[in-house]
Every structure is written in C-alpha cells, then in structure tokens.
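# Analysis of the macromolecular model
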Amino acid sequence: MTFRRQPLPERKPIAWPGPQSFAPAPRCDGAGLAQPKGEAAKPGKRAPTAAERAWMDFIVTYGCIACRLDGMTPRPTAVHHILRGGVRMGHLHTIGLCDPGHHQNGLQFGMVSRHPWKQQFEQRYGTERDLLEILRKEYAAHAGWDLPAIKLGA
C-alpha cells in the first residue's frame, strides 16, 4: 500500500490585525481553560506555577494563533511547548495550536501542521518565537494581565 502526500494548501499572505481584534475563542465542551491531565508530572518535569497556569489558560482561551492569522475561527486548542535543542524551554514558552489541525494531523483539514512540517509551518506563520511574541503582546494588552519577562534568544 502506498501513500501519496497531498499538496499543501496554497499559501496566502498573512497580516496580523493587531490587539483590537481579540475575542475569546468559543468554549469547547463547556471548558475554555486548560485542564489538568489528572496525573502527576513525569519524572524530571514539574507542575506549572500559578503564573504559568494563568499563561496556559490564556492561550487555550485565546484559541489557535495560526487559525487567527488565517482569519478563521479558532478551533479547540492544545498547549504546544517550544523546544530548544530538543528540550522544552518551560511553560511560559508555549503557544496555542489547534489539535488536530495546526498542531498535528492537519492534512485531513487542509492545514499546515507544526508536526511534522515545521519548515512549511514557519514559512507560513513565522517562527514559534514570533508567534509567542504576538501572544505575549495580546496577553499584556487585555485586562491588565502581567507575565514575567522571558528571554526569547537562542
């Protein structure tokens, strides 16, 4: 059995509309906030602090950043941790991507997924750090949220 990759959707120019366009994503299954997995953190990982949990709740409520950049209604969102050298940078280095869709398994929806097409994803939407910076500006611009400064450098 052979599998043929379908061509990626046509690339559209993207213009970030700015902070005035923020509207919370519609709640999915009665929950708009990230939910704990119900199990202890894996060895070597720690549970998020209150500030980290507030950030992750915000990005899940905000919705998929890639959907917003495409001008679509954000879909249910997963927290995607940004990696450096194959290691998670921490809970404050996360972006919200729809799953399935922009996070992974997006081909079935005609979307460019971060997994496994990182290069095509970054050509279309910018780097994960660019998306993080957009989300941080949105976070700061609404309701006086404050988030500790983080370094985005390599």
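Just so we're clear, the structure is a prediction, and the values are computed from it rather than from any experiment.

### Points about the overall build of the chain
In terms of regular secondary structure, the chain is built from four helices and four strands. In the chain, the succession of helices and strands from N to C terminus is α-α-β-β-β-β-α-α. By residue count, 39% of the 154 residues in the chain fall in the buried class. About 9400 Å² of surface is accessible on the chain, with carbon and sulfur atoms providing 54% of the total.

### Quick look at helix α1 (residues 50–62)
Helix length check: α1 (13 residues) gives 18 Å between terminal C-alpha atoms against 18 Å at 1.5 Å per residue, within 8%. Within α1 the residues assigned to the buried category are Glu-52, Trp-55, Met-56, Asp-57, Phe-58, Ile-59, Val-60 and Tyr-62. Buried residues in α1 make contact with α2 (65–69), β1 (77–81), β4 (94–98) and α4 (128–141). Phi turns positive one or two residues past the end of α1, at Gly-63, with a value near 100°.

### Looking at the pattern of salt bridges
Enumeration according to the criterion identifies four salt bridges in this entry. The shortest N-O distance in the salt bridge between Arg-124 and Asp-70 comes to 3.2 Å. Taken together, the residues Arg-124 in helix α3 (residues 118–125) and Asp-70 in the loop between α2 and β1 connect sequence positions 54 residues apart. Its relative accessible area of 17% is what places Asp-70 among the buried residues. In this structure, Glu-128 and Arg-114 form a salt bridge, with 2.4 Å as the shortest nitrogen-oxygen distance. With Glu-128 in helix α4 and Arg-114 in the loop between β4 and α3, the pair connects residues that are 14 residues apart, well separated along the chain. Each member of the pair, Glu-128 together with Arg-114, is buried.

### Re the side chain of Thr-94
By the element assignment, Thr-94 lies in strand β4. Here the side chain of Thr-94 touches Trp-55 through a polar contact of 2.9 Å, side chain to side chain. A distance of 3.0 Å separates a polar atom in the side chain of Thr-94 from the backbone oxygen of His-91. In this structure Thr-94 touches Trp-55, Met-56, Ile-59, Val-79, His-80, His-81 and Leu-132, once residues within four positions along its chain are discounted.

### A short note on α4
When the terminal C-alpha atoms of α4 are compared, their 20 Å separation across 14 residues agrees well with the 20 Å that a helix rising 1.5 Å per residue should span. Regarding α4, the residues found buried are Glu-128, Leu-131, Leu-132, Ile-134, Leu-135, Arg-136, Glu-138 and Tyr-139. Lining the buried residues of α4 we find α1, α2, β1, β4 and α3.

### Considering the nonpolar core
In this structure, Trp-55, Ile-65, Ile-95, Leu-97, Phe-121, Leu-131 and Leu-135 are the most contacted members of the largest nonpolar core, which totals 26 residues. Where this core is concerned, the elements lending two or more residues are α1, α2, β4, α3 and α4.

### Some points on the packing of aromatic side chains
Centre-to-centre distance and the angle between the planes together describe a pair of aromatic rings. Summed over the entire model, instances satisfying the criterion amount to five aromatic pairs. With a centroid separation of 5.0 Å and an interplanar angle of 50°, the aromatic rings of Phe-121 and Tyr-125 are classed as tilted. Taken as a pair, Phe-121 and Tyr-125 lie in helix α3 at a separation of four residues, close to a single helical turn. In terms of burial, Phe-121 and Tyr-125 fall into one category: buried. What links up through ring pairs into an aromatic cluster is the set Trp-55, Phe-58, Tyr-62 and Tyr-139. Sitting over the face of the ring of Phe-109, Arg-75 holds its NZ or CZ atom 4.3 Å from the ring centroid.

The rules behind these values
- Residues numbered from 1 in each chain as written.
- Predicted model: local features only at pLDDT ≥ 70, side-chain atom pairs only at ≥ 80, totals over all residues.
- Heavy atoms only, no water.
- Helix = DSSP H or I, 4+ residues; strand = E, 2+ residues; numbered from the N terminus.
- Buried < 20%, exposed > 50% of the residue type's maximum accessible area, 1.4 Å probe, protein only.
- Areas by Shrake-Rupley, 256 points an atom, 1.4 Å probe, with all protein chains shown as cover.
- Expected span 1.5 Å × (residues − 1).
- Contact = heavy atoms within 4.5 Å.
- Salt bridge = Lys/Arg side-chain N within 4 Å of Asp/Glu carboxyl O.
- Polar contact = N/O pair within 3.5 Å; in protein donor to acceptor, adjacent residues only side chain to side chain.
- Core = buried A, V, L, I, M, F, W, Y, C linked by side-chain atoms within 4.5 Å.
- Phe/Tyr/Trp six-rings, centres within 6.5 Å; stacked < 30°, edge-to-face > 60°.
- Lys NZ or Arg CZ within 6 Å of the ring centre and 35° of its normal.

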